[in-house]
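Here are the chains, one letter per residue:
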Amino acid sequence: MNNKISIVMPTYNNEKTIGNSIRSILQQNYSNWELIIVDDGSVDKTKKICDKFASYDTRIKYYKQKNSGVSSARNYGLHKINGDLLMFVDADDSLTENALKILNSTFDKNDLDLCIYSWYEINNGSKQRHYYNRTELSATKEEYFKKIVYSSNWNNYSGGYPWNKIWKVSTLKNNRMVFFNEKLKMLEDRLFVLEALDKIKRLKVINTPLYNYYIRDESLSHSKDSKKVMEQAYELYSAIKVQYQYVKKKHISALIDAQKSNLQIEINYFMTVLKSPSKVINKKQYFKVLSDFRNTKFRFLTLKYLLKYIIVKTYLFKFGIEG
């Protein structure tokens, strides 16, 4: 079957990289696709670059909105798709050669709702291939759900990333379409994946790398700004709390995994506090996390996190806050 593949690409000030991303799609040896580019209020040359590509290939559709965040941009794109299959490509990443042909063939042969594929991680010229182990390759939907909710390594079981997955659109639209939570600033893609997983029946995992994921030092996740790092730690905590509420309401079999994720993110928050100057710590946020930490049931995560847990408890006890 010649499935039409809808590719949603959010972008914001990606003038240096988006051309390479678009070319990686144009160079595919599978032609039945549409590229939905949603510009989230760029102020650089992104629009000019996209307009040029769209002018000579009608499969490329460019839209621009006021700056509202990546979730809003992705949701805008979801409202515009007309394909049978859906995937996401970030404007600073790219597809590997033959990716779309391989994915279409995989769906045809297996009658799938979801295909999860491998990727290359590229950092300062170094290219590393991600491999799924045998357990991951044969895991069930339930196992993937639980491992995305909680894992000591977020790359395991494909992570909660949207860019290494392709979905059957009709499955996602069953009852109502799955959208990204625009209130979240972090891990919004992870929640989307969990909600989408709850809709599917058949999935397949392949070890073929079909995506080039670029790590760029200027991203917030690699920031050395103490205030931004502290803000990020709290946003991660907030996102995990929303994930917990979803699991508690919609997927109770993964509740213990969600509780582990709560504890993990609370420990990470306080470890960030320990490394940050006191002037960048928001007291209201601090005491919010502290209150939840006091009420979070201890569950063993890993030896590394057990040590971190002891460090956090010692720190809180030392300052008369805990104990």
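Above this note sits the structure.
What comes next is a walk through the structure. Just so it is clear, the model here is predicted, and its values are computed rather than measured.

What counts, and at which threshold
Residues numbered from 1 in each chain as written. Predicted model: local features only at pLDDT ≥ 70, side-chain atom pairs only at ≥ 80, totals over all residues. Heavy atoms only, no water. Axes fitted to C-alpha atoms, helices over the stretch in contact; angles between N-to-C directions. Helix = DSSP H or I, 4+ residues; strand = E, 2+ residues; numbered from the N terminus. Parallel < 35°, antiparallel > 145°, perpendicular 65-115°, else oblique. Contact = heavy atoms within 4.5 Å. Buried < 20%, exposed > 50% of the residue type's maximum accessible area, 1.4 Å probe, protein only. 1 Å grid on protein atoms, 1.4 Å probe; cavity = no way out; pocket = protein on both sides within 12 Å on 5 of 7 lines; lining within 4 Å. Points joined across faces, edges and corners; volume = space filled by probe spheres on them. Nonpolar A, V, L, I, M, F, W, Y, C, P; charged D, E, K, R; others polar. Left-handed = near helix turned anticlockwise from the far one by under 90°.

## Observations concerning the packing of helix 6 (residues 141-149) against helix 9 (residues 226-250)
(1) Moving on: Direction vectors running N to C along helix 6 and helix 9 enclose 150°, while the axes themselves pass 11 Å from each other. Classified by the angle between their axes, helix 6 and helix 9 sit roughly antiparallel to one another. Contact residues: helix 6 offers Phe145, Ile148 and Val149, while helix 9 offers Gln243, Tyr246 and Val247.

## A short note on unusual backbone geometry
(1) Moving on: Its identity as a non-glycine residue notwithstanding, asparagine 13 has a phi of 50°, on the positive side.
(2) Moving on: Locating asparagine 13 in the fold gives a position in the loop between strand 1 (5-11) and helix 1 (18-26).
(3) Moving on: Judged by relative accessible area, asparagine 13 falls into the partly exposed class, the value being 29%.
(4) Moving on: Notably, asparagine 124 is not glycine yet its phi reads approximately 50°, a positive angle.
(5) Moving on: For asparagine 124, the location among the structural elements is in the loop between strand 6 (114-123) and strand 7 (126-129).

## Focus on the layout of surface pockets
(1) Moving on: Space inside the second largest pocket adds up to approximately 290 Å³.
(2) Moving on: Considering the residues around the second largest pocket, the lining is formed by 13 residues, among which Arg176, Glu195, Tyr246, Lys249 and Lys250 are closest to the centre.
(3) Moving on: Here the residues of the lining of the second largest pocket sort into 4 nonpolar, 3 polar and 6 charged.

## Focus on the packing of helix 9 against helix 10 (residues 255-275)
(1) Moving on: The contact between helix 9 and helix 10 brings their axes to 9 Å, and the two run at 170°. Comparing the axis directions of helix 9 and helix 10 gives the class roughly antiparallel. Of the two possible hands of crossing, helix 9 and helix 10 adopt the one that is left-handed. When helix 9 is examined against helix 10, the residues Val229, Met230, Ala233, Tyr234, Leu236, Tyr237, Ile240, Lys241, Gln243, Tyr244, Val247 and Lys248 are found in contact with a partner set consisting of Leu255, Ala258, Gln259, Ser261, Asn262, Ile265, Glu266, Tyr269, Thr272 and Val273.
(2) Moving on: Looking at the contact of helix 9 with helix 10, its residues break down into 14 nonpolar, 5 polar and 3 charged.

## Some words on empty space enclosed by the protein
(1) Moving on: Counted under the stated rule, the structure contains 2 cavities of 30 Å³ or more.
(2) Moving on: In this structure, the largest cavity encloses a volume near 40 Å³.
(3) Moving on: What lines the largest cavity is Leu184, Leu187, Arg190, Leu191, Ala239, Ile240 and Gln243.
(4) Moving on: Of all the elements in the fold, those that place two or more residues in the lining of the largest cavity are helix 8 (188-197) and helix 9.
(5) Moving on: A class-by-class count of the residues in the lining of the largest cavity yields 5 nonpolar, 1 polar and 1 charged.
(6) Moving on: There is about 30 Å³ of room inside the second largest cavity.
(7) Moving on: Considering the residues around the second largest cavity, the lining is formed by Leu263, Ile267, Phe298, Arg299, Phe300, Leu301, Thr302, Tyr305, Leu306 and Tyr309.
(8) Moving on: No other element matches helix 12 (residues 303-318), which puts 3 residues into the lining of the second largest cavity.
(9) Moving on: Split into classes, the residues belonging to the lining of the second largest cavity amount to 8 nonpolar, 1 polar and 1 charged.

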